[in-house]
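The primary structure of each chain is shown beneath.
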2 protein chains.
Amino acid sequence: MSNSSGQQDLFAENNEGKTAMAAAKEPKEPKAKAETPTENAESMAKRQREISVSEFFTKNRHLLGFDSPRKALLTAVKEAVDNSLDACEEGRIMPDIRVTISRIGDSDKKYTMTVEDNGPGIVKAQVPNVFGRLLYGSKFHRLRQSRGQQGIGISAAGMYGQLTTGMPVRVRSKAGKRATPCYYEIRIDSAKNRPVSTEKDIEWEKDHGTEVSIDMEGEYRRGQRGIEEFLKLMAVANPHVHLVYTDPDGNVTEYLRGTKELPKEVEEIKPHPHGVELGILLKMLQETESTQVSAFLQNDFSRVGPSVAKEICAQAGIKPETNPRRVQNDDVIKMKAAIDATKIMAPPLSCIAPIGEELIIAGLKKEVEADFYVAASRKPVVYRGRPFAIEVGLAYGKPGDTLQMTDSGKIVAQEKKKVNEEVLMGAADEPVRLIRFANRVPLVFQQSACAITKAVIDTNWKNYGLLQPRGALPIGPLVVFVHIASVWVPFTSESKEAIASYDEIRDELRLALMECGRRLGTHVRKGRKLANEFKKRNYITMYIPHVVEALKDILVLDEPAVKKATESLTTVLEKSRKL
Amino acid sequence: MSNSSGQQDLFAENNEGKTAMAAAKEPKEPKAKAETPTENAESMAKRQREISVSEFFTKNRHLLGFDSPRKALLTAVKEAVDNSLDACEEGRIMPDIRVTISRIGDSDKKYTMTVEDNGPGIVKAQVPNVFGRLLYGSKFHRLRQSRGQQGIGISAAGMYGQLTTGMPVRVRSKAGKRATPCYYEIRIDSAKNRPVSTEKDIEWEKDHGTEVSIDMEGEYRRGQRGIEEFLKLMAVANPHVHLVYTDPDGNVTEYLRGTKELPKEVEEIKPHPHGVELGILLKMLQETESTQVSAFLQNDFSRVGPSVAKEICAQAGIKPETNPRRVQNDDVIKMKAAIDATKIMAPPLSCIAPIGEELIIAGLKKEVEADFYVAASRKPVVYRGRPFAIEVGLAYGKPGDTLQMTDSGKIVAQEKKKVNEEVLMGAADEPVRLIRFANRVPLVFQQSACAITKAVIDTNWKNYGLLQPRGALPIGPLVVFVHIASVWVPFTSESKEAIASYDEIRDELRLALMECGRRLGTHVRKGRKLANEFKKRNYITMYIPHVVEALKDILVLDEPAVKKATESLTTVLEKSRKL
């Protein structure tokens, strides 16, 4: 919608009869010189104005994962399913989700995505905001693990649908047994970033839940990076989910629950003092409802009790009974320093729910057929006052094998028809298969931009008997599963496809990968030894013929002598250390 | 400031006496179970609300390039310099820029960044908005090449400064000879994304210009990814700039103008019909000031004259005199189809200003000492109605050389002390040095996430005689310069560090790289041949000793016989095709 508004501007400038001229001769442009005279502060000021967040994301929609029709469909499904799972877990309901993709008309370019859940539903008044406004939601300000965190995703999907098909988002919701189900059609006014909606009551058999339908331009693909694979991986990381997927051809795939247990309920925590920046502290002091600094510290932060509060005040030279609003600039800086200097217990870890080693290995065994499995679930650590935990799992096939995905989406280790030599040269064979998860959501795109990928590349897999080209993923029949669970995952873009490279996260990734790598190494080395042996033989059999040929020329040997020479040569060469 | 607001929420929940309890025992938390009861639609609704764009970017500030103190300083300098250069070019003023970084107190953690330009200045009323509001600016809605495009950068730098030091942004500006210079101190109210500022008139000797100073937490580094290198690369791509840089130790570096010419003035264009999506078209139809569809098409788009407009109307089955606001849903879809089906001249290219092959090679020669230089400046093409041009330059040293950056920042090809064999195995030596530019701005971070990097990796450099590990940058003493010039560069994040992988852009990159690669190939191959020869000899000399040893054992030869055998063997083996 950027264009159109940019347009109006232009038009205003054109209104001095220039457009008439322009229209007259074709295809000549109105003289742009005239349109854009040398600027001065005034002329530039005329053009300065606010950009709505919707306009911004419409123009930069690749930031939200809607850059190509192929990605759009998957991104939309991901955002909708994320919301459904979050809602169910918050409501402590075992999720029951239906995802349906259907063609619009007989076109292969337009689809309707429908995602229905049995979550707690959404109260009428909020439906238009939730689906018709970017940067609107309940998760952004809370410190607890959830899939969504920005309040952008599903509205962005709706915005993309509207942009490419002109159709509104359609929502059915029922907020509990006694609530009247309602139906909404929602458009986004992108210049204002506000919803424009129509509503009516409807009949809906279910007790509670939400269903969202979006028409959009899309491209439907199977296989890697397809919706099937995404949902499969989603099921791996969320064994408590029952999910039914219907593809555009009407094929139905059902993912049954692997467990009857919901993930551990995550609890909301307050910010930890060590994670708070000066500017935030300043703001908190202004906005707190506490009337004394000491109470402020104890009420507004986690892990601060009377004695810690006292220690901080003392160190900062501020009276505990001071009114927080009276704490002035320099005192704030002193207080920040005092907080950083004070030893404070790490924040409670109840706010995150890692998957756990058993479930990771179980999940891998379910999806990857391999020789060897190992997993490591690091205990949570804290970054900027925000707890996070890294988990890694490995599945390794036979050396020389390669991992293939079967039509059923199952990954199987198959024998490779390549000369072993090549494999050892690192020239042939495939890089390992890396599957990334953040808060139990599979990350499908932007692998190369992801801190997880960088950590895997930075790990020296040669130590663990794998081949690894410089600055690239290791080579071999290996699946690497990596999960980060956090109250706040720093993604490299709003599309939440890759993790930003924060040092604390890289470190934990490294440690988790090494932990698994070491155990993999011992397993791999055997196979590796054999291969080396094989390579050595190759060399020998490669050179003997030339040597013998040479011998004949030089010493005119008879057949038996040649035979004898050949044998002895073989022996000697095999013994030789140099090879 | 997310935390603090999240805080208030929490506090509200605490106000039921829980906090008193919590404060009593330490460090136990108020029972989080109590804080987060099982949710239902109502309880969730209470928490749903708008998130201000400032709150969002404060929490996700890595999206803006402020994730680490090391990056923060450079990002701030980049944003300020971008604005200065854009302003000068819009005002057709030869840029004269001063960048100063100074320590705050004797700390190595806090710095003041000051960037002063001789641009047209900013009118008083706009100063607070430009520096105190995210998503506010003049470039977003315009279709012409500029460095800034989002209206985020400099305000984000200010926000980061405020967050880490609590200090406001300080701005001096003078909007022309007759204007009174003014001084502002600006803070951002992040909950509202609005500036809070104080202002006073001041004396300022210069005719016109702007100076911005920001205090921030930072980490000062030299060398690669340092401010020096950024400014150096900036000077390469902007030879018309005169820039004086003063580092925290008071060292002054001056970049003199390489040319007295400003870059060609870029002209603003209207959107091209082929780049317009259904949703946009719909909006334009509603908002146009034209009263007839035919006039609408001619006035609001580029390259549409009477006959093209007529053709589109006919194809869509819409009367040319129809009122645009009357064009209904189905007709809009028909009109979009008609537009796509109609042949329309490509948009004018006057809106972008590539650097050009001569200037690229000149720039490379200035900064990189090598044997061989080549450049290709592709002619602009159109993507989604937006013209863009790809330019590539290569600088190649001697085989076995490696590119080192001297203290003066100059890159020199130096001899490598490595066995040639290793180099040929691709195991040793360094990957090529890739320098990326977008609209004349050097891209310093997120190389691996960038479409440019992917295009370089996807290019088969073995064809051009270079080594290249699978899925990695090629190996060798090569500097690869890549520039994209466009009215709209699709960056992977608001920090504008990497280009998103749009197919059209990848294609052009590939073609430009191949064009240069082919010419590089012919140059490289000679050196390569010799190296192979050398490798062959290595093998031979490697095996002869074993063979001879074997001969002695078997045939009890005397010294002269051994000598003769050795010589003949060497000859035979060298002749042998198999090696």
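Residues numbered from 1 in each chain as written. Chains lettered and ligands numbered in written order. Predicted model: local features only at pLDDT ≥ 70, side-chain atom pairs only at ≥ 80, totals over all residues. Heavy atoms only, no water.

So, about the nonpolar core. Membership of the largest hydrophobic core comes to 112 residues, with the highest contact counts inside it found for Phe131 of chain A together with Phe131 of chain B. Other than its neighbours up to four places away in sequence, Phe131 of chain A contacts Ile122, Ile154, Ser155, Val169, Val171, Ile186, Ile188, Thr210 and Val212 of chain A. In this structure, Val392, Phe491 and Ala498 of chain A together with Ala449 of chain B belong to the second largest nonpolar core, which totals 94 residues. (Core = buried A, V, L, I, M, F, W, Y, C linked by side-chain atoms within 4.5 Å. Buried < 20%, exposed > 50% of the residue type's maximum accessible area, 1.4 Å probe, protein only. Contact = heavy atoms within 4.5 Å.)

Adjacent strands of a sheet form backbone hydrogen bonds with each other and so pair up, either parallel or antiparallel. Residue and element names in this part refer to chain B. Read across the sheet, 8 strands follow the order S7-S6-S5-S8-S3-S2-S9-S10 without closing on themselves; strand pairing throughout is mixed. If you trace the sheet from one side to the other, it starts and ends with strand S7 (194–201) and strand S10 (252–255), each paired once. Each adjacent strand pair in this sheet contributes to an overall mean axis angle of 15°, direction not counted. Here strand S9 (residues 242–246) pairs with S10 via 4 bridges, running antiparallel. Of the residues in S10, the one forming a bridge with Tyr245 is Thr253. (Pairing = 2+ DSSP bridges. Helix = DSSP H or I, 4+ residues; strand = E, 2+ residues; numbered from the N terminus. Axes fitted to C-alpha atoms, helices over the stretch in contact; angles between N-to-C directions.)

Okay, the sheet that holds strand S6 (residues 182–189) of chain A next. All names here are of chain A. Across the sheet, which stays open at both edges, the 8 strands sit in the order S7-S6-S5-S8-S3-S2-S9-S10 with mixed pairing between neighbours. With one partner strand each, in any of the chains shown, strand S7 (194–201) and strand S10 (252–255) form the two edges of the open sheet. Adjacent strand axes in the sheet meet at a mean angle of 15°, parallel and antiparallel pairs treated alike. Note: strand S3 (residues 110–117) against strand S8 (residues 209–217), 8 bridges, orientation antiparallel. What sits directly across from Met113, in S8, is Ile214.

Residues and elements named next belong to chain B. Of all the 9 residues making up strand S19 (residues 478–486), 9 are buried; the element is thus mostly covered by neighbouring parts of the structure. Across the two faces of S19 the burial is the same, with Leu478, Val480, Val482, Ile484 and Ser486 and Val479, Phe481, His483 and Ala485 all buried. Across 9 bridges, the pairing between strand S14 (residues 386–396) and S19 is antiparallel. Residue pairing across strands places Ala389 opposite Ala485, the latter belonging to S19. Bridge count between strand S17 (residues 433–438) and S19: 6 bridges; the pairing is parallel. Looking at the pairing, Arg436 lines up with Val482 of S19.

Residue and element names in this part refer to chain B. Packing of helix H10 (residues 278–287) against helix H13 (residues 329–341) leaves a shortest axis separation of 10 Å and a crossing angle of 115°. For the element pair H10 and H13, the recorded crossing hand is right-handed. Each of Leu278, Leu281, Leu282 and Leu285 in H10 lies in contact with H13, whose residues at this interface are Asn329, Val332, Ile333, Met335, Lys336 and Ile339. The residue inventory of the contact of H10 with H13, partitioned by class, reads 8 nonpolar, 1 polar and 1 charged. (Left-handed = near helix turned anticlockwise from the far one by under 90°. Nonpolar A, V, L, I, M, F, W, Y, C, P; charged D, E, K, R; others polar.)

It is worth spelling out the pattern of salt bridges at this point. Per the counting criterion, the structure on display carries 62 salt bridges over all chains. Between Arg378 of chain B and Glu508 of chain B there is a salt bridge, with its nearest N and O atoms 2.9 Å apart. Taken together, the residues span a long stretch of sequence, with Arg378 of chain B in the loop between strand S12 (372–377) and strand S13 (381–383) and Glu508 of chain B in helix H17 (residues 503–555) at a distance of 130 residues. Judged by relative accessible area, Arg378 of chain B falls into the partly exposed class, the value being 22%. Each of Arg103, Asp108, Arg222, Glu228, Asp247 and Asp249 of chain A takes part in salt bridges that share partners, so that together they form one network. (Salt bridge = Lys/Arg side-chain N within 4 Å of Asp/Glu carboxyl O.)

Before going further, it helps to examine helix H13 (residues 329–341) of chain A. All names here are of chain A. Given a rise of 1.5 Å per residue, 13 residues ought to cover 18 Å, and the 19 Å separating the end C-alpha atoms of H13 matches this to within 8%. Of the residues making up H13, those classed as buried are Val332, Met335, Lys336, Ala338 and Ile339. Down the axis, H13 shows its buried residues gathered within 160° of arc, on one side only. In this structure, H13 carries Asp330 and Ala341 as exposed residues pointing more than 90 degrees from its buried face. (Expected span 1.5 Å × (residues − 1). Arc of directions from axis to C-beta.)

This part takes up the packing of helix H12 (residues 306–316) of chain B against H13 of chain B. Residues and elements named next belong to chain B. At a minimum axis separation of 8 Å, H12 and H13 run at an interaxial angle of 130°. Taken together, the axes of H12 and H13 lie oblique to each other. Considering how the two elements wind past one another, H12 and H13 form a crossing that is right-handed. From H12, Ile312, Gln315 and Ala316 reach across to H13, where they touch Lys334, Met335, Ala338, Ile339 and Ala341. (Parallel < 35°, antiparallel > 145°, perpendicular 65-115°, else oblique.)

This next bit is on the pairing of strand S2 (residues 96–103) of chain B. Residue and element names in this part refer to chain B. Strand direction decides the pairing type here: S2 and S9, joined by 5 bridges, are parallel. Note on S9: the bridge partner recorded for Thr100 is Thr246. Following S2, the chain reverses through 6 residues before pairing antiparallel with strand S3 (residues 110–117); Gly105 in that reversal takes a positive phi of roughly 65°.

All names here are of chain B. Among the structural elements, Ala309 can be located in helix H12. Taking the C-alpha atoms as reference, Ala309 lies 8.0 Å from Ala295; in sequence the two are 14 residues apart. Residues contacting Ala309, with those up to four places away along its chain left out, are Ser294, Leu297, Gln298 and Val304.

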